Amino acid sequence: MPTKSKSTALVTGAAKRLGKEVAMHLAAQGYDIALHYNSSKPEAMSTARAIHQMGRRCELFSCDLGDEAQVLTLVAEAFKSFPQLNLLINSASIFIPNQFGAQDLSLFKTHWDINFKAPYILTCEFARLVKKGQVINFVDTNAVKYKTKYEDYLMTKKALGEFTKMAAVQWGPNIRVNGISPGMILPPVNHQKDDRIKRAQQIPLKKVGDPKYILQTIQFLLGNDYITGQIIAVDGGEALV
């Protein structure tokens, strides 16, 4: 039987990859987990079982982040199940290369709906319902650059970074809002070539990252209550070159 926690985290995209790492880490720190997933139900159930084995409570919340109506109810549903909800981690996103200026705007819309509109809505709802807590948005180290190969994706991350700062101003002091910009932490998705070792030689620290660096940064942000509106690049210096 899971023990009752004084804190709960809603983590989006927590069934696999970095979102799973975050959910597992927070559970190990004593958080109950409201685990969001979309289509990865088997992975979500597996992650939930692992969290239960740690003695923490975990409930699954299915939501298509591209569906505004579903997104609008997600925080309320999590808050109903976990009245002690006090942390929102917006980690879910999509990353699909697209041609700059493409006439077909379907990918453009999908990127904006999932990568910006969803965390925007979730953060607003979190601030409205929770009253006191923290939000951590996952941005991207390349959001400070102007690579046109991934323009749909990068524009949403640029917007998310600016929203993070504006939200910190709007909802302080009760809600702290910060961001993390990961660099080469995980292998790429969508069957793209994994050339991280080669690319790492071009950045100041000359090594590939690891999820532990993201988790350490989360712990830092959770523990320092004099930080808000900051975007921390966890990228080995990649943003500098």
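For the structure itself, consult the block above.
Remember, it's a predicted structure, so these values are computed and weren't measured experimentally. (Residues numbered from 1 in each chain as written. Predicted model: local features only at pLDDT ≥ 70, side-chain atom pairs only at ≥ 80, totals over all residues. Heavy atoms only, no water.)

1. Brief notes about a nonpolar patch on the surface
Taken together, the side chains of Leu 105, Phe 108 and Met 155 make up a nonpolar region of the molecular surface, amounting to roughly 250 Å² of accessible area. Structurally, Leu 105 is set in the loop between strand 4 (85–90) and helix 4 (106–130). (Patch = residues over 30% accessible without salt bridge, like charges linked within 9 Å, V, L, I, M, F, W, Y side chains within 5 Å. Areas by Shrake-Rupley, 256 points an atom, 1.4 Å probe, with all protein chains shown as cover. Salt bridge = Lys/Arg side-chain N within 4 Å of Asp/Glu carboxyl O. Helix = DSSP H or I, 4+ residues; strand = E, 2+ residues; numbered from the N terminus.)

2. A short note on the pairing of strand 3 (residues 58–62)
A regular strand carries its side chains on alternate faces of the sheet. Two elements, strand 2 (residues 32–37) and strand 3, share five bridges in a ladder whose sense is parallel. Along strand 3, the bridge assignment pairs Tyr 37 with Ser 62. (Pairing = 2+ DSSP bridges.)

3. Observations regarding the layout of surface pockets
In this approach, a probe sized like a water molecule rolls over the atoms, and the result shows the empty space that is left. Approximately 220 Å³ is the volume found for the second largest pocket. What lines the second largest pocket is a set of 14 residues, among which Val 139, Ala 143, Val 144, Lys 165 and Ile 231 lie closest to the centre. Those elements that provide at least two residues to the lining of the second largest pocket are helix 5 (151–171) and strand 7 (231–234). Residue contributions to the lining of the second largest pocket peak at five residues, all from helix 5. Of the residues in the lining of the second largest pocket, the class split is six nonpolar, three polar and five charged. (1 Å grid on protein atoms, 1.4 Å probe; cavity = no way out; pocket = protein on both sides within 12 Å on 5 of 7 lines; lining within 4 Å. Points joined across faces, edges and corners; volume = space filled by probe spheres on them. Nonpolar A, V, L, I, M, F, W, Y, C, P; charged D, E, K, R; others polar.)

4. Describing the pattern of salt bridges
Scanning all chains against the criterion turns up nine salt bridges. For Glu 162, the salt bridge is made with Lys 165, and the minimal N-O distance between the two is 3.6 Å. You can see Glu 162 and its partner Lys 165 sitting in helix 5, three residues apart, about one turn around the helix. A salt bridge links Asp 194 to Arg 196, with the shortest nitrogen-to-oxygen separation between them at 2.9 Å.

5. What to know about unusual backbone geometry
Looking along the chain, the bond that leaves Gly 172 and enters Pro 173 is cis, with omega of 5°. Of note, Pro 173 is situated in the loop between helix 5 and strand 6 (175–182). In this model, Arg 17 sits at a positive phi of 50°, which is unusual for a non-glycine residue. Note that Arg 17 resides in helix 1 (residues 17–28). Here the phi dihedral of Lys 206 falls at roughly 50°; this positive angle occurs in a residue that is not glycine.

6. A short note on the packing of helix 3 (residues 68–81) against helix 4
Orientation of helix 3 relative to helix 4, taken along the N-to-C sense of each, is 35°, at an axis distance of 9 Å. Note that helix 3 runs across helix 4; the crossing there is right-handed. Contacts between helix 3 and helix 4 pair Glu 68, Val 71, Leu 72, Leu 74, Val 75, Ala 76 and Phe 79 from the former with Lys 117, Ala 118, Ile 121, Leu 122, Glu 125, Phe 126, Leu 129 and Val 130 from the latter. Residue composition of the contact of helix 3 with helix 4, grouped by class: twelve nonpolar, no polar and three charged. (Axes fitted to C-alpha atoms, helices over the stretch in contact; angles between N-to-C directions. Left-handed = near helix turned anticlockwise from the far one by under 90°. Contact = heavy atoms within 4.5 Å.)

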